[in-house]
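# Examining the three-dimensional arrangement
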Amino acid sequence: MTGSLVIVGVGPGDAAYTTPAASLALAEATDLIGYGLYLDRVPQREGQTRHASGNRVEIDRARHALELAAQGRRVAVVSGGDAGVFAMAAAIFEAVDAGDPAWRALDIRVEPGVTAMLAVAAEVGAPLGGDFCAISLSDNLKSWATVERRLRAAAEADFVISLYNAKSLARPHQLGAALDILREVKAGDTVVLFVRAAGTAEARVTVTTLAEADPSIVDMRTLVMIGASTTRLIERDGAALPWVYTPRSERAPE
């Protein structure tokens, strides 16, 4: 097969967070495929064909991309953040695994991007300085019971926890339920971050505690980060937000 397929993460928002390698992969493509809002972030180029689709048709989008690549096209599938984190890379390989055996001969690669929790961490300091994990609160593709089990396990292991897909119009109550689960295990003074639109000029940071965390201020563009027991604040003068970091060592700083 002469076609190729690259799955590209374009970062969390601002074009400055798109890597040069990702930009080159997008520029070389004959066809761009992705959720319409992500495609809108890619500059228009003469000779390229765009195939926009909705937010909940990942497998259909993946099959379409593979079919075009099998026809000899140079296809780029566009994801926000990093394509391998709760995004299109897994959907592509799921389609390959269950689809036309000929697709396994295609030239397929993944071009990494800056995922949302890294942009969030950069906004506030170094909250991911110790061990951490990421959990999606979406139960579109897994049961809520699975989400609950993973939340409890991560809380008991004392990871810093990044919550992706924390809230949507179709799932308005799950973040509150998740916070209640975490409160059963973690102390009320645990640091919690709500960061909206990280990596953009509109970024907004709220630093609070697990006891005081209010899920009503969260929307689809917000990532929620729950600190470990060791996560600390460094207070600053005036109205400046504190820096937030998690020490690399279990020992308290001297």
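Definitions and cut-offs
- Residues numbered from 1 in each chain as written.
- Predicted model: local features only at pLDDT ≥ 70, side-chain atom pairs only at ≥ 80, totals over all residues.
- Heavy atoms only, no water.
- UniProt positions renumbered as here; feature names shortened; annotations may be inferred.
- Domains from an automatic or database assignment.
- Contact = heavy atoms within 4.5 Å.
- Buried area = accessible area lost by both parts, 1.4 Å probe.
- Salt bridge = Lys/Arg side-chain N within 4 Å of Asp/Glu carboxyl O.
- Polar contact = N/O pair within 3.5 Å; in protein donor to acceptor, adjacent residues only side chain to side chain.
- Helix = DSSP H or I, 4+ residues; strand = E, 2+ residues; numbered from the N terminus.
- Buried < 20%, exposed > 50% of the residue type's maximum accessible area, 1.4 Å probe, protein only.
- Phe/Tyr/Trp six-rings, centres within 6.5 Å; stacked < 30°, edge-to-face > 60°.
- Lys NZ or Arg CZ within 6 Å of the ring centre and 35° of its normal.
- Pairing = 2+ DSSP bridges.
- Axes fitted to C-alpha atoms, helices over the stretch in contact; angles between N-to-C directions.
- Parallel < 35°, antiparallel > 145°, perpendicular 65-115°, else oblique.
- Left-handed = near helix turned anticlockwise from the far one by under 90°.
- Nonpolar A, V, L, I, M, F, W, Y, C, P; charged D, E, K, R; others polar.

The protein chain appears in an unreviewed UniProt entry as Precorrin-3B C17-methyltransferase from Rhodomicrobium vannielii. Regarding the protein chain, the relevant UniProt record gives this comment under Pathway (unreviewed entry): "Cofactor biosynthesis; adenosylcobalamin biosynthesis."

### With respect to the domain arrangement of the protein chain
When its domains are assigned, the protein chain resolves into domain 1 (4-114) and domain 2 (117-245). Spacing between the C-alpha centres of domain 1 and domain 2 amounts to 28 Å. Facing eight residues of domain 1, the contacting portion of domain 2 comprises eleven residues. Carbon and sulfur atoms supply 64% of the area buried between domain 1 and domain 2, which totals about 730 Å² over both sides. The tally of links between domain 1 and domain 2 comes to zero salt bridges. Remark: the boundary between domain 1 and domain 2 carries one residue pair in polar contact (both at pLDDT 80 or more).

### Digging into the side chain of Gln48
When you line up the elements, Gln48 lands in the loop between α2 (36-39) and β3 (49-53). At 2.6 Å, the side chain of Gln48 forms a polar contact with the backbone oxygen of Leu26. A distance of 2.9 Å separates a polar side-chain atom of Gln48 from the backbone oxygen of Ala29.

### As for the pattern of salt bridges
Opposite charge on two side chains permits them to pair, given that their charged atoms come into close proximity. In the structure shown here, the tally under the stated rule is eight salt bridges. Arg104 serves as the salt-bridge partner of Asp97, at 3.7 Å between the closest nitrogen and oxygen. The same class applies to Asp97 as to Arg104, namely exposed. Measuring nitrogen to oxygen at the nearest pair gives 3.4 Å for the salt bridge that ties Asp158 to Lys186. Residue Asp158 is located in the loop between α6 (144-156) and β8 (160-164), and its partner Lys186 is located in the loop between α7 (174-183) and β9 (191-196); the two are separated by 28 residues in the primary sequence. We classify Lys186 as buried; its relative accessible area is 8%.

### Structural notes on the packing of aromatic side chains
All told, the structure shown has two aromatic pairs when counted by the stated rule. Measuring from ring centre to ring centre gives 5.4 Å for Tyr35 and Tyr38, while their planes differ by 85 degrees; the resulting arrangement is edge-to-face. Directly above the ring of Trp243 sits Arg236, whose terminal nitrogen or CZ lies 4.1 Å from the centroid.

### So, the sheet that holds strand β11 (residues 222-226)
The sheet built from five strands is open, its strands ordered β7-β8-β11-β9-β10 with mixed pairing. Edge positions in the sheet fall to β7 (132-136) and β10 (204-209), since each has one partner strand and no second. Neighbour-to-neighbour, the strand axes of the sheet open up by a mean angle of 20 degrees, direction not taken into account. Against the sheet, helix α5 (residues 116-124) contacts β7, β8, β9, β10 and β11, and its axis sits at roughly 70 degrees relative to β11.

### Topic: unusual backbone geometry
Residues other than glycine seldom take positive phi values, yet Asp158 does so here, at roughly 65 degrees. In this model, Ala197 sits at a positive phi of 55 degrees, which is unusual for a non-glycine residue. Looking at Ala197, the relative accessible area reads 4%, which means it is buried.

### Here we look at the packing of helix α3 (residues 58-70) against helix α4 (residues 88-98)
Close contact between α3 and α4 brings their axes to 8 Å; oriented N to C, the two are set at 65 degrees. In terms of orientation, α3 lies roughly perpendicular with respect to α4. When you trace α3 past α4, the crossing you get is right-handed. Contacts from Glu58, Ile59, Arg61, Ala62, Arg63, Ala65 and Leu66 in α3 reach Met88, Ala91, Ile92, Glu94, Ala95 and Val96 in α4. Of the residues contributing to the contact of α3 with α4, the split by class is nine nonpolar, no polar and four charged.

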